[in-house]
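Okay, here's what each chain looks like letter by letter:
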Amino acid sequence: MRIIFMGPPGAGKGTQSEKLSKELDIPHISTGDIFRKNLREKTALGLKAKQYMDKGLLVPDDIVVAIVKDRLREPDCRKGFILDGFPRTVAQAQSLDSALSEMETELTCVINFKVSKEELIARLTGRRVCKACGATFHVKYNPPKQQGICDLCGGPLIQRDDDTEETVEKRLDVYKKETEPLIEYYTDKGVLITIDGEKDVDEVYEDLKGAVR
Ligand code: ADP
Ligand code: ADP
Ligand code: ADP
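Fair warning: this is a prediction, and the values are worked out from it, not measured in the lab. (Residues numbered from 1 in each chain as written. Chains lettered and ligands numbered in written order. Predicted model: local features only at pLDDT ≥ 70, side-chain atom pairs only at ≥ 80, totals over all residues. Heavy atoms only, no water.)

Draft legend 1. Spotlight on the site of ligand 2. Around ligand 2 there are 19 residues in total, and Thr-31, Arg-36, Leu-57, Arg-88 and Arg-171 lie nearest to it. Between ligand 2 and Leu-57, the relevant distance is 2.6 Å, taken from an oxygen atom to a main-chain nitrogen or oxygen of the residue. Separating an oxygen atom of ligand 2 from a side-chain N or O atom of Arg-160 is a distance of 3.2 Å. Burial of ligand 2 by the protein amounts to 96% of the accessible area it has alone, namely 550 Å². When residues of the shell around ligand 2 are assigned to their parent elements, the largest contribution, four residues, is made by helix α2 (residues 31–40). (Near = heavy atom within 4 Å. Polar contact = N/O pair within 3.5 Å; in protein donor to acceptor, adjacent residues only side chain to side chain. Areas by Shrake-Rupley, 256 points an atom, 1.4 Å probe, with all protein chains shown as cover. Helix = DSSP H or I, 4+ residues; strand = E, 2+ residues; numbered from the N terminus.)

Draft legend 2. Up close: the side chain of Lys-209. Mapped onto the elements, Lys-209 comes out in helix α9 (residues 201–212). With near-sequence residues (within four places) excluded, Lys-209 lies in contact with Leu-20 and Glu-23. (Contact = heavy atoms within 4.5 Å.)

Draft legend 3. Focus on the pairing of strand β1 (residues 2–6). In terms of residue burial, β1 counts as a mostly covered element, since four of its five residues are buried. As judged from the four bridges shared by β1 and strand β3 (residues 81–84), these two strands associate in the parallel manner. Looking across to β3, one finds that Ile-4 is bridged to Leu-83. Taken together, the four bridges between β1 and strand β4 (residues 109–114) define a ladder with parallel strand orientation. Looking at the pairing, Phe-5 lines up with Ile-111 of β4. (Buried < 20%, exposed > 50% of the residue type's maximum accessible area, 1.4 Å probe, protein only. Pairing = 2+ DSSP bridges.)

Draft legend 4. Looking closely at the sheet that holds strand β8 (residues 192–196). Strand order across the open sheet formed by five strands is β2-β3-β1-β4-β8, with parallel pairing between neighbours. Looking at which strands have only one partner, the edges of the open sheet turn out to be β2 (28–30) and β8. The sheet shows a mean angle of 20 degrees between the axes of neighbouring strands, taken without regard to direction. In terms of strand pairing, β4 meets β8 through five bridges, oriented parallel. Within β8, the residue paired with Val-110 across the bridge is Leu-192. Its contacts with the sheet place helix α1 (residues 13–24) against β1, β2, β3 and β4, and it is angled at close to 165 degrees to β1. (Axes fitted to C-alpha atoms, helices over the stretch in contact; angles between N-to-C directions.)

Draft legend 5. Spatial organisation of the environment of Gly-148. Its place among the elements puts Gly-148 in the loop between β6 (136–138) and β7 (157–158). Linking Gly-148 and Lys-37, residues 111 residues apart in sequence, is a C-alpha distance of 20 Å. Residues within four places of Gly-148 in sequence aside, it is in contact with Gly-155, Pro-156 and Leu-157.

Draft legend 6. Structural detail: unusual backbone geometry. At the junction of Phe-86 and Pro-87, the peptide bond is cis and its omega measures out at 0 degrees in the coordinates. Of note, Asp-25 is a non-glycine position whose phi angle comes to about 55 degrees, a positive value. Along the chain, Asp-25 falls in the loop between α1 and β2. Of note, Lys-42 is a non-glycine position whose phi angle comes to about 55 degrees, a positive value. Summarising the element assignment, Lys-42 is placed in the loop between α2 and α3 (44–53).

Draft legend 7. The packing of aromatic side chains, seen in detail. For the coordinates displayed, the defined rule picks out two aromatic pairs. Between Phe-5 and Phe-113 the ring centres are 5.1 Å apart and the planes differ by 80 degrees, which places this aromatic pair in the edge-to-face class. Within this pair, whereas Phe-5 is found in strand β1, its partner Phe-113 is found in strand β4, the two being separated by 108 residues in sequence. The burial state of Phe-5 is the same as that of Phe-113; both residues are buried. (Phe/Tyr/Trp six-rings, centres within 6.5 Å; stacked < 30°, edge-to-face > 60°.)

Draft legend 8. Quick peek at the packing of α2 against helix α4 (residues 61–72). Running from amino to carboxyl end, α2 crosses α4 at an angle of 100 degrees, the nearest separation of the two axes being 11 Å. The angle between α2 and α4 places the two elements in the roughly perpendicular class. Contacts from Thr-31, Ile-34 and Phe-35 of α2 reach α4 at Ile-63, Val-64, Ile-67 and Val-68. Each residue belonging to the contact of α2 with α4 can be placed in one class, and the counts come to six nonpolar, one polar and no charged. (Parallel < 35°, antiparallel > 145°, perpendicular 65-115°, else oblique. Nonpolar A, V, L, I, M, F, W, Y, C, P; charged D, E, K, R; others polar.)

Okay, structure coming up:
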């Protein structure tokens, strides 16, 4: 299965990717996670991406596309993959199309998670992530067993720099302008499946499994 997860920030893409990638045993490729890892390791890429991420803006297409192309060439992607948060612009989608056709393969489907703006804001402002392993929690909807501590690795939970109310508004605007046009792009290709992302995590996951079956 070669799947794209689309949807605004906070729609639950990362949460659902984790579950499905384990179940299908295919890699979860999150461009946001790649940038955050580079930032933690203070690489040139991380420092460059940070300038955009902190403002709620997209990292330039050429940088993101180069990273994803490299990643898709790794052997573990032969059995399939979940792309989470990529593509985010029509130009990125076109580059992905040519990369896949060079690899003589194609997309299985694009899952579009639909969630209302009020819910997105509640999810993003309450999101907490593990500083050490990147696992995602929510202060209300998915609290850790021990406050402030990651269930998986015991690392400290922090708020992402871009999950403040002001940056969240900007990211939602950027989504509307730059990423939403992809709904039409993939509808025209006949691969788009829209899922109600507003339900609770387990219900969304059941719908998701039904959709990719
Ligand atoms: P995305 O990757 O689309 O930005 P995340 O998976 O990180 O979204 O989810 C955003 C926040 O909302 C996280 O704090 C997560 O725990 C929480 N969350 C995810 N899915 C749901 C859901 N179905 N209901 C309530 N909260 C959710
Ligand atoms: P969320 O799902 O909560 O929006 P991500 O972790 O996917 O967050 O992305 C965080 C930030 O990383 C984005 O706001 C953007 O700056 C950058 N980013 C991630 N993926 C892309 C992409 N495909 N194109 C451009 N920028 C990206
Ligand atoms: P520049 O215009 O400064 O050369 P690039 O767009 O080539 O910027 O890339 C910005 C940074 O990201 C550079 O430090 C480059 O080494 C790094 N970079 C580019 N592609 C990748 C990749 N696939 N994996 C890791 N780092 C990358």
